[in-house]
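Coordinate analysis (summary)
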Amino acid sequence: MAEELERDPEVFIIGEEVAQYQGTFRVTEGLLDRFGPKRVIDTPISEEGFTALAVGAAMLGLKPVVEFMTINFSIRALDAIINHAAKNYYMSGGQLPTSMVVRAPNGKGEQLAAQHSHSLEAWFMYHPGMKVVLPSTPADARGLLKSAIRDPNPVIFLEHAGLYTLKGEVPEDEGLVPIGEAVVRREGKHVTLVSYSRMSQMCLRAAEALAEEGIEAEVLDLRSLVPMDEERLAASVAKTHRAVVVTEENPTCSAASEITSRIYKLVFDELDAPVETLTGEDTPMPYARNLEKIWAPDEAKIVAAARRTLARHVDYSGNGAKEGRATYGGIGDAEDGRRNGGGYHPPLAQEAR
Amino acid sequence: MAEELERDPEVFIIGEEVAQYQGTFRVTEGLLDRFGPKRVIDTPISEEGFTALAVGAAMLGLKPVVEFMTINFSIRALDAIINHAAKNYYMSGGQLPTSMVVRAPNGKGEQLAAQHSHSLEAWFMYHPGMKVVLPSTPADARGLLKSAIRDPNPVIFLEHAGLYTLKGEVPEDEGLVPIGEAVVRREGKHVTLVSYSRMSQMCLRAAEALAEEGIEAEVLDLRSLVPMDEERLAASVAKTHRAVVVTEENPTCSAASEITSRIYKLVFDELDAPVETLTGEDTPMPYARNLEKIWAPDEAKIVAAARRTLARHVDYSGNGAKEGRATYGGIGDAEDGRRNGGGYHPPLAQEAR
Amino acid sequence: MQLPVIEFPNTLKGLGQRSERLKIGVVRNGRTGLPQKFRCFAREPDIILPVILNPAVEGPARRSPGRTVARLTLTGPTGARRRTHLPVKGFLKDRMDTNEVLRIYRQMLVIRRFEDRSDIAYKLNKIGGYLHLYIGQEAVACGLISVLEKGDVVIDSYRDHGHFIACGGGINEAMAELYGKVTGCSRGKGGSMHLFSKEHGFYGGSGIVGAGIGMGAGLAFGLKYREEKKVCLCFFGDGACQTGLFHETMNLAALWELPIVFIIENNQYAMGTSVDRSSSEPELYKRAAGYQMHGERVDGMDLFTVREVAERVISQVRETSKPALLEVMTYRYRGHGAADGAKYRTPEEVEKWKTRDPIGRVEAWLLEQGAITEQDVERIHQEVHAEVEECLRFAEESPLPGEEELYAHILA
Amino acid sequence: MQLPVIEFPNTLKGLGQRSERLKIGVVRNGRTGLPQKFRCFAREPDIILPVILNPAVEGPARRSPGRTVARLTLTGPTGARRRTHLPVKGFLKDRMDTNEVLRIYRQMLVIRRFEDRSDIAYKLNKIGGYLHLYIGQEAVACGLISVLEKGDVVIDSYRDHGHFIACGGGINEAMAELYGKVTGCSRGKGGSMHLFSKEHGFYGGSGIVGAGIGMGAGLAFGLKYREEKKVCLCFFGDGACQTGLFHETMNLAALWELPIVFIIENNQYAMGTSVDRSSSEPELYKRAAGYQMHGERVDGMDLFTVREVAERVISQVRETSKPALLEVMTYRYRGHGAADGAKYRTPEEVEKWKTRDPIGRVEAWLLEQGAITEQDVERIHQEVHAEVEECLRFAEESPLPGEEELYAHILA
Ligand SMILES: Cc1ncc(C[n+]2csc(CCOP(=O)(O)OP(=O)(O)O)c2C)c(N)n1
Ligand SMILES: Cc1ncc(C[n+]2csc(CCOP(=O)(O)OP(=O)(O)O)c2C)c(N)n1
Ligand SMILES: [Mg+2]
Ligand SMILES: [Mg+2]
C-alpha cells in the first residue's frame, strides 16, 4: 500500500483505526507517520458515512482505499457501494467511473460468533459494476492490491484474518498481479480443487494428503471472482473430469454455488461425477470452539469430498449412472473409477474462448 | 392482512406511507381507518431505525409486519435483518425467537432504473435464520402472508409490483398456504420450467407457446426459496430430465444459480442436458424502455431455452455428448432427443427424503 | 422578503478593522416586535443584514424599504461590543445586477416550462419510471447555484431537473434522458432520477433518499484534498434529514471541516408525510447545533433572500472550509411524483403557497423596476416555450440506445 | 460528588400543590462560582437536587455536606416563580437504605472480580473470540439498573457482562457462556458479546456497534404498545453515537414518545479513538436537543450520583413516556478488548481516573458510616472471590455443546 501511496498522491486510506491505532490488524502500520493525517484517515464509527464520502471523492477522481475493520460492518454501507460506487458509471452513461478499493478481512476469525464471521463475496458478486478479488498469498495480496488501486473500477478486496500471519515470498519488482486470472497452485490430473483465499491454502494441504493416497489433485486458486477466469476453470475441470469447490461461506446462493453452476455450464459433458460443493454449514456461526470447528471446511472434509467424486462407477449403458460408494471400500480402488486415468485432455478450454 | 390484524392484537404494520397514504401500492388501503394509528404506523425515512425497532418489538413477542416501500430500501436495514432478526434466536441459545414479517415489492418495475429494480432474494437466502417467500398468485399472496405472520421466524415476504394487478380466485375460507411447498402449476413431461413470483406467470405463458409446438413443459412454482421444496423439485426434473430455471435477478450468485446447482446435486444422473439458467442480464438495470425489455427474461427467451435443453443428442457410447443444435432444424425434431419420451419416473424423489 | 443593506461606518469604530468580519450579534426588529435573529457581518462597503425567517410568520416580508429600524449588538474581532440601532437603507435587489436577475428569471421559467411539458409527456407515456417535478422550488436551485464559481460542484436527490439546468446542463440532453434516448445526458440509461453532467459540475441525482448527502461530503473532501478553495452544494429534502446518513455525514463534515453547504429543501412533505409527522424537531436547521455547525432557515420562495444568504454563506464556507446547513422553506406545487395526486394537502394550502410564487415575484419586481416591459415578458415566455418545444422535438427524434449500450459502462 | 437533599416547604407556598412536580429552574452555586445548571423538582417529602457535572471540572465534588448554598429559581405548575437560596441539608447517601448500598457494592465487586478472572481465563485461552471488560464502569450499570421494576427491560452493546449480572443473570451461566459451554446462558453459541437473559429482562449484547439502540426503541415500543408503564434502559458507547442508527432512533423515540432511557457510557474512547476525534460535538448529551429530548451529563464514577439521576429520570420517563438521553461519564481501566494494550492513553490519565474508583468510594463511605467494618470488607471480598472461583469451576467442568446444537435454534 505504501508503494501506491508513494506513486499516486491522489490515493488515500480511510477507515476506523487505520491511522493512530496502526490498523486493527496492523495492515496499515506506519502509514500515518509516513504519509500524514491527510492521506491516512481515522474515522468515527460511521460506516455508511465514510464509505459514501469515499464514493463522492472517487467521483471527483481521487482514489480512496476504504478499510472496514471487518467485512461485517460493510453491511451498514452497502447502499453506498452497491447503489452508487457500482452503478454511477452506468447510470451516468459513462461520465463517472468510480475508482476505489474496499478492503476488509472477510470470513471467519476465531470464535467471533455469528455477527463477526461473515463471508460476503457472494453479496458483492451479485451486483455488476464491481470487481471482487480475494488473495491467498502475500505476493498476491501485494500484487493484486496494487492492481486494484490502479483499476478504474470499484474493487472489493477481501482479505482473510487467518492469512495475515502467512509468510511467503514477495517479488522485489513491482510484482503487479492482474485481476481476473486464476492460478494453478498445484498440478494434478484426478480431481480439481477449486477455491480462493484461505481455503486455497487448505486445498493445498488436502492435495498433499490426497497425494499420499495416490490421488493427484489439481489446486486452482481463482483469486478473483469477478471477473472469473472461466477459461482456466474449464480447462482444469475438463482435464480432471471432477471438481470439488471449497469456500468458507454459508452454502445457499454462495460463490460456491455460483462456481458450481458455472462448471456445469462450461463443461457439463466432461464431468464424471457431480461437482462436490464444500462450504461452511448452513447455520449462523456458533461461538463454541468445538462447534465452530465442525462448521468450517477443513483438510479432512476436502479429502473426503475429493474421494467422493472419485468413488463412483460410470455406466455407459445409457441407464444412467449408479452411486459407486457401496462397492468401493477404500480410496485405493478409486483409481478404477477414473476414465483413462485422467489422461484425456479435451480441447474444450480452447473452444471456450 | 386485515384478517390477521383482526385475529391477533399483537400484529402491527409499520413502514413508510402505509397508513395515511394508504400504502405506496395501496396494499395497506383502509387499514388505518379500521385499526387506528397504534397498529398501522407511518414512519419517517429511517429504514434502519424502524426495522431495528420492529426487531426489538418482536423480541418482546409482538408481531411486526414491516413494509419497505420497495425492497431496494431494505439495503439500509440489512444489519437489523441479517445480524439481529435472523440471528438472535441462535445467538441467545433459543431464548429469543424473532417472529416478524418483512414485506416489500421485489424485482423490476417499469423503467425504474438501476437503483430501484433489485431482486434481493439471493441476499436473504444466503443467511440462515429466515424464511424467504415469493407468491405469484392472489390466493398464494393471501395464504402465504397469513402463514408468514403466524410463523415464529423472520419471514422475508417478497411481492412483485408487476403482480399487484393480477386477478385470481381467492378461497373463501382461511386459505392458509403452508410455507415450504412448491406447486406444479402445469403438468408436463418434456422439460421442467422452475421459477417463482412473476416469472412463474411468465413460465405459464411460455408453456402454452411450447405446447403449440408439441413440447409439454411442466411449470413448477417454488413459492418459497427458504425452505426450498427439494422433493418436488427433484421429482419434477427426474421426470422430465431437463430443466430451465427462470428468475428476474442478476445472474451471479443468484437464487437461479442456487436452484441450478441444487438440481445437479439432487438429480445429476437424471439430466439429459445442462440445466438452462435464465435470469436478467448481468448489468445494472438500464432506464431506456427498449434496453429494459432486452434485460428481462420473457416468454420468447424461456421458449428458446426450453428448446435448447431439448435440442441435443445424447450419445451413450461413452465419448461424451455432443451439441445437437447443428443437426436440428426445427423443434419438432426435439422429441427424438428425449429418452423414453419422458415416461421414465425414477423413485428418486422418495429416496431423497 | 426584503434584504436590507446597511451602512454603519461609525458603528465599526472601536470594533476592529473594517475589513474583518464581525462576530454574530443578536438583533430584534423594533417595529414589528417580532423576535428575529439576525446574523450580521461587515463587507466592503456594505453591511448585509439577512433575516432568518419563518415563512409561517411572514413578518419581515411586510416591511417596506427604508422603514425598518434594527437594533443591533455588534461584537468586533477584538471582543469589544457596541449596541446601536440602524435604519435600513437599501436592499439586495437594489444592488443586484439587473441582467443577472433577468438571467435567473429566465432560467426559472425554463425549468418550470420544462417540468410542465415533461409532465405531459409522462402522461402520454413518452417518459417512463418516476418523474419528480421541481415546480414551485425553482428559486432554491437557481438562487444558490447562481453564485457558484467554476470548479464548484453540486450534488442532488432524484428531484434533479432544476438543479441540472441551473448548473448549465442542456435541456435537450435532459429531455432526451427522460425519453430514454441515447442523446440523453446519461445516454438514456439513467432517466429522470439520474441526470449527470460532469462537465457542468453536476454530480447527479440519486434515487436513494439521502444518498447524495454522503457523496456530497466526499466531493467536498476531494476539493479540500486538492486545496482548490472550491465548495460543494448538496441539495436534499426534509425527508432525507431523518436518515442515518444525514447524521453521519453532518458529523464527518463538521469534524473534518469540509467545504460544503448542506441545503435542505424543506417543501414540507416527504411523499405524503409532513415534517411534523417525521421529525421530532420540525425546525430542521436547529440540528446543526448538535454538530457545532452553522445552521439557518431561509425563505426559499424569494429569489433575493436565497441569493443573499447564498452569497454570504457560500463565501464563508469557501473561506473557512467549515460546512453550513441551510433549511430553505419551499413548496412543491405538484404531487411527489407525476403520478401522485397529493390528496394529503388541502387546495387552500397549495393556493396559499402559490401566492408567493418565486417566478411571479421576480417578474413583478423586474417590471416595477422598469427593467423589462410587459412586452418583454411576453417575448421571453415565448422564447422559453419555443426552446422547450425544441427540446421535446430533439428528444422525440433522437435514436434509442442500441443494444450494445446494455453492456457498456459497467466496468471501465 | 455530593447529592444534596433539601427541604424547602416555605418555598413551595404559592407555587402550586406540593405533590406536583415543579418545573425546571436554573441554579447557580454561589460558593464555587461555577455555573452549574441544576434541574429541580419536588418529591414528597424531599427536594432532590442533582447536578449536571462535568467531571473535567469536578467542582461540586469538592463541596462538603452542609456547606453548600444553592440559589434557585423555582417555577411551579401555576407558572408562578420564586427566587430563593437554600442551604444544602443532606445527601442522597444519607437517605439511601444502607442495605441497598451494600447490595450494590457487593454486586460491583462481583462484576469486577468476574472480569478480572475472565481476563486471565482469556489469556489462558479458555475463552475465545473477543472479550470486552467492564472494569471501571461498574457504577453505571449497577446504579441505573438498581432502580428498575419487574417488567422493565435492558439492552446493551457487546461490553455486556456487567449489565447481565446487574440484571440478575447468574455468573455461572455467564462464565460458562464465555467458556463456550452448553450450560452458558446462550448455550455456548453466543459468547461474550451475546449474553442474554430473557428471564431477567436482559435482551442481550450485540457485536454491532449501536445496534442495541434501535432494538431498544423496539422494546420500549412494545412496552408502550402493551400499555404496561414499563421502561427500557438502553446502554451503548460514545462511539455508537456517531452511527446513523443513533440518529434515526433518537428521532423515532422522541417522535413517538417511547419510554426509553438512552444511556451513553462515555468512557472517552471508541477503541483507540477519543471522543473529540470522533464527534464534532464532544458533549454528546447536547445532541438530545435536536430531537426535543431531555438530555444531561452524569458523573458515572459515583454510584450515588448515578442512582440519584436514575431515580429521577427513570420515573419521569415512566410517567411521561418520553425518552431521555443520559451521557454518563466513565472510564474503562483496561483496553478495549482483553487483547488491546491501550497505548493510546497515558498511564497518568488512567491513574487519574482510578483515584475516583466507583467501588473504592462506596466502600469508603460504608466504612465512614459505620455500616460495615474493615473485617466485613475483608469477608465480603472473600465471599465474592469464592463465588467467582465457583463460577470458573462450573464453567470448566460443564460439557461442551453437542454437535446437534450446531443446527438447533436456527428456525423456531
Ligand atoms: C432510502 C429510501 N427510502 C425510501 C424511498 C422512497 N421515497 C422516494 S422519495 C421519498 C420522499 C422523500 O422526501 P424528501 O426528502 O422530503 O424530498 P422531496 O421528495 O420532498 O423532494 C421517499 C420516501 C427512497 N427512494 N429511498
Ligand atoms: C458497525 C460496527 N463498526 C465497527 C465495529 C468494531 N468495533 C467494535 S467496538 C468498537 C468501538 C466502540 O466504542 P464505544 O461505542 O465507545 O463503546 P466502548 O467500546 O467504549 O464501550 C468498534 C469500532 C463494530 N463492532 N460494529
Ligand atoms: Mg420534502
Ligand atoms: Mg467508548
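The structure contained in this document is the topic of the report that follows. (Residues numbered from 1 in each chain as written. Chains lettered and ligands numbered in written order. Predicted model: local features only at pLDDT ≥ 70, side-chain atom pairs only at ≥ 80, totals over all residues. Heavy atoms only, no water.)

1. Regarding the coordination of the magnesium ion (ligand 4)
All names here are of chain D.
- The protein atoms that coordinate the magnesium ion (ligand 4) are Asp-238 (OD), Asn-267 (OD1) and Tyr-269 (O), at distances of 2.1 Å.
- Taken in chain order, the donor set of the magnesium ion (ligand 4) reads D-x28-N-x1-Y.
- Relative accessible area serves as the criterion here: at 5%, Asn-267 is assigned to the buried category. (Donors = N, O, S within 2.8 Å, 3.2 Å for Na, K, Ca; no water. Buried < 20%, exposed > 50% of the residue type's maximum accessible area, 1.4 Å probe, protein only.)

2. Quick look at the packing of aromatic side chains
- Going through the model one piece at a time under the given rule, you end up with 28 aromatic pairs over all chains.
- Ring plane angle 10° and centroid distance 3.5 Å describe the contact between A:Tyr264 and B:Tyr264, whose orientation is recorded as stacked. Of the two residues, A:Tyr264 is situated in helix H10 (residues 255–267) and B:Tyr264 in helix H10 (residues 255–267); the pairing between them involves two chains. With respect to burial, A:Tyr264 and B:Tyr264 carry one shared label: buried.
- For the pair C:Phe236 and C:Phe246, a centre-to-centre distance of 6.1 Å together with 65° between the ring planes defines the contact as edge-to-face. Placement of C:Phe236 in strand E9 (residues 232–237) and of C:Phe246 in helix H8 (residues 244–255) is noted, with a sequence separation of 10 residues between them. Each member of the pair, C:Phe236 as well as C:Phe246, carries the same accessibility label: buried.
- Here the aromatic residues A:Tyr264, A:Phe268, B:Tyr264 and B:Phe268 are joined through ring pairs into a cluster of three or more.
- The ring of C:Tyr225 is capped by A:Lys38, whose NZ or CZ atom sits 4.4 Å from the centre of that ring. (Phe/Tyr/Trp six-rings, centres within 6.5 Å; stacked < 30°, edge-to-face > 60°. Helix = DSSP H or I, 4+ residues; strand = E, 2+ residues; numbered from the N terminus. Lys NZ or Arg CZ within 6 Å of the ring centre and 35° of its normal.)

3. Observations concerning the site of ligand 2
- Every one of the 21 residues lining ligand 2 counts as a neighbour, but A:Glu47, D:Tyr158, D:Arg159, D:Gly207 and D:Asn267 are closest to it.
- Looking at what sits near ligand 2, you find residues from chains A and D.
- A distance of 2.9 Å separates an oxygen atom of ligand 2 from a polar backbone atom of D:Tyr269.
- In this structure, an oxygen atom belonging to ligand 2 sits 3.4 Å away from a side-chain N or O atom of D:His336. (Near = heavy atom within 4 Å. Polar contact = N/O pair within 3.5 Å; in protein donor to acceptor, adjacent residues only side chain to side chain.)

4. A word on the sheet that holds strand E2 (residues 40–42) of chain B
All names here are of chain B.
- Pairing is mixed in the open sheet, where seven strands are placed in the order E2-E1-E3-E4-E6-E5-E10. Edge strands, defined here as strands with exactly one partner in the open sheet, are E2 and strand E10 (224–226). On average, adjacent strands in this sheet sit at an angle of 20° to one another, irrespective of strand direction.
- As judged from the three bridges shared by strand E1 (residues 11–15) and E2, these two strands associate in the parallel manner. Residue pairing for E2: Gly-15 is matched across the bridge by Asp-42.
- Helix H7 (residues 138–150) contacts E1, strand E3 (63–67), strand E4 (100–105), strand E5 (131–133) and strand E6 (154–159) of the sheet and is inclined by roughly 160° relative to E6. (Pairing = 2+ DSSP bridges. Axes fitted to C-alpha atoms, helices over the stretch in contact; angles between N-to-C directions. Contact = heavy atoms within 4.5 Å.)

5. Details of the relation of the copies chain B and chain A
- For the match of chain B to chain A, the screw axis carries a shift of 0.0 Å, the RMSD comes to 0.0 Å, and the turn is 180°. Here the copies are linked by what is in effect a two-fold axis.
- By residue overlap, the copies meet face to face through one surface: 100% of the interface positions of chain B are interface positions in chain A. (Least-squares fit on C-alpha atoms with pLDDT ≥ 70 in both.)

In short, shape yes, function no, at least from these values alone.
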